[in-house]
Amino acid sequence: MDITLKQIIKDYIEMSRYLALGSLDGILTVMSISLTAALMGIASGGNVNTMTVGLTGLSGGIAIALSNGYGSYVGEHAEEGKYIRDLESKMLLEERSLDDTIIHQEAKYRVFMSMLTHGSASFMGSFIPSIPFFLISDIYTALATTLIICFFMLAVLGAYLGKISKESMVKTAVQIICVGIVIVVISFLIGGE
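A. Region of interest: the environment of Glu-14. Locating Glu-14 in the fold gives a position in helix H1 (residues 5–14). For the pair formed by Glu-14 and Thr-117, sequence separation is 103 residues and the distance between their alpha carbons is 9.9 Å. Of the polar contacts made by the side chain of Glu-14, one reaches the side chain of Lys-10; its length is 3.0 Å.

Structure, rendered in structure tokens:
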């Protein structure tokens, strides 16, 4: 099975559910961790280092990206393995007879693409909202900028999911934004005074 970079990119884009899930995880994780860290620093009365808040949020984003990538690998590997074993059974073949065949190679490719898509989307969803903390030294401005970026990304993600599901783009965007608002409230309750 010959796989080209063009094919990987095409398949990556077509795996919209993993792009959406991973991005949503990354955005919400960084928003929550960064907001809570910033609020705890502000509440303590000290000078809050935006770089520290950014690194804290980004480390959580990296963790969720690795977790999602590995979790996707484990889950998809199990599903694809079950599919192949069931196929062998239906074909009255001995177990592992389809290993190293085109069917097996295609299954391994689907597992790889699932892992790559979910993990990298989680990372990008967490990296982009972290950027203001590395560029802006005022914690209030960095925090406001990050929240604006997060809610913009959530709105775009919601509209995209509404479009691909052939449902209301506005309704889906509002639903996802509401999840973001819940995260902000929880973060405020945990990190604020």
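From this point, the narrative continues.
B. Here's a closer look at the packing of H1 against helix H4 (residues 102–135). Closest axis-to-axis distance for the H1/H4 pair is 10 Å, and the angle between their directions is 65°. Taken as a pair, H1 and H4 cross one another with a handedness that is right-handed. Facing Gln-7, Ile-8, Asp-11 and Tyr-12 of H1, the residues of H4 in contact are Tyr-109, Met-113, Leu-116, Thr-117, Ser-120 and Ala-121. A breakdown of the residues in the contact of H1 with H4 according to their chemical character gives six nonpolar, three polar and one charged.

C. Structural detail: the state of the cysteines. In the structure shown here, the tally under the stated rule is zero disulfides. No disulfide involves Cys-150; its nearest neighbouring cysteine sulfur is the one of Cys-178, lying 16 Å away. Owing to a relative accessible area of 40%, Cys-178 belongs among the partly exposed residues under this scheme.

D. Up close: the pattern of salt bridges. Considering all chains together, one arrives at six salt bridges under this definition. Residues Asp-99 and Arg-85 are paired through a salt bridge, measuring 2.8 Å at the closest nitrogen-oxygen approach. Here Asp-99, found in the loop between helix H3 (50–90) and H4, pairs with Arg-85, found in helix H3; they are 14 residues apart in sequence, far enough to count as distant. In this structure Asp-99 comes out as partly exposed when scored by relative accessible area, which is 21%. Through salt bridges with shared partners, a single ionic network connects Arg-85, Glu-88, Arg-96 and Asp-99.

E. Layout of a nonpolar patch on the surface. On the surface, Ile-62, Leu-66, Phe-123, Met-124, Phe-127, Ile-128, Ile-131 and Leu-135 cluster together into a nonpolar patch covering about 690 Å² of accessible area. Listing elements by their share of the nonpolar patch, those giving two or more residues are H3 and H4. The element best represented in the nonpolar patch is H4, accounting for six residues. Tracing the sequence through the fold places Leu-135 in helix H4. In this structure Leu-135 comes out as exposed when scored by relative accessible area, which is 69%.

F. Representation of the packing of aromatic side chains in the model. Under the criterion given, the structure shown has two aromatic pairs. When the ring of Phe-123 is compared with that of Phe-127, the centres are 5.6 Å apart and the planes differ by 20°; the resulting orientation is stacked. Here Phe-123 pairs with Phe-127, and both are found in helix H4, just four residues apart, close to one helical turn. What makes Phe-123 partly exposed here is its relative accessible area of 32%. Classification of Phe-127 as partly exposed rests on a relative accessible area of 30%.

Each value, and the rule that gives it
Residues numbered from 1 in each chain as written. Predicted model: local features only at pLDDT ≥ 70, side-chain atom pairs only at ≥ 80, totals over all residues. Heavy atoms only, no water. Helix = DSSP H or I, 4+ residues; strand = E, 2+ residues; numbered from the N terminus. Polar contact = N/O pair within 3.5 Å; in protein donor to acceptor, adjacent residues only side chain to side chain. Axes fitted to C-alpha atoms, helices over the stretch in contact; angles between N-to-C directions. Left-handed = near helix turned anticlockwise from the far one by under 90°. Contact = heavy atoms within 4.5 Å. Nonpolar A, V, L, I, M, F, W, Y, C, P; charged D, E, K, R; others polar. Disulfide = S-S within 2.5 Å. Buried < 20%, exposed > 50% of the residue type's maximum accessible area, 1.4 Å probe, protein only. Salt bridge = Lys/Arg side-chain N within 4 Å of Asp/Glu carboxyl O. Patch = residues over 30% accessible without salt bridge, like charges linked within 9 Å, V, L, I, M, F, W, Y side chains within 5 Å. Areas by Shrake-Rupley, 256 points an atom, 1.4 Å probe, with all protein chains shown as cover. Phe/Tyr/Trp six-rings, centres within 6.5 Å; stacked < 30°, edge-to-face > 60°.

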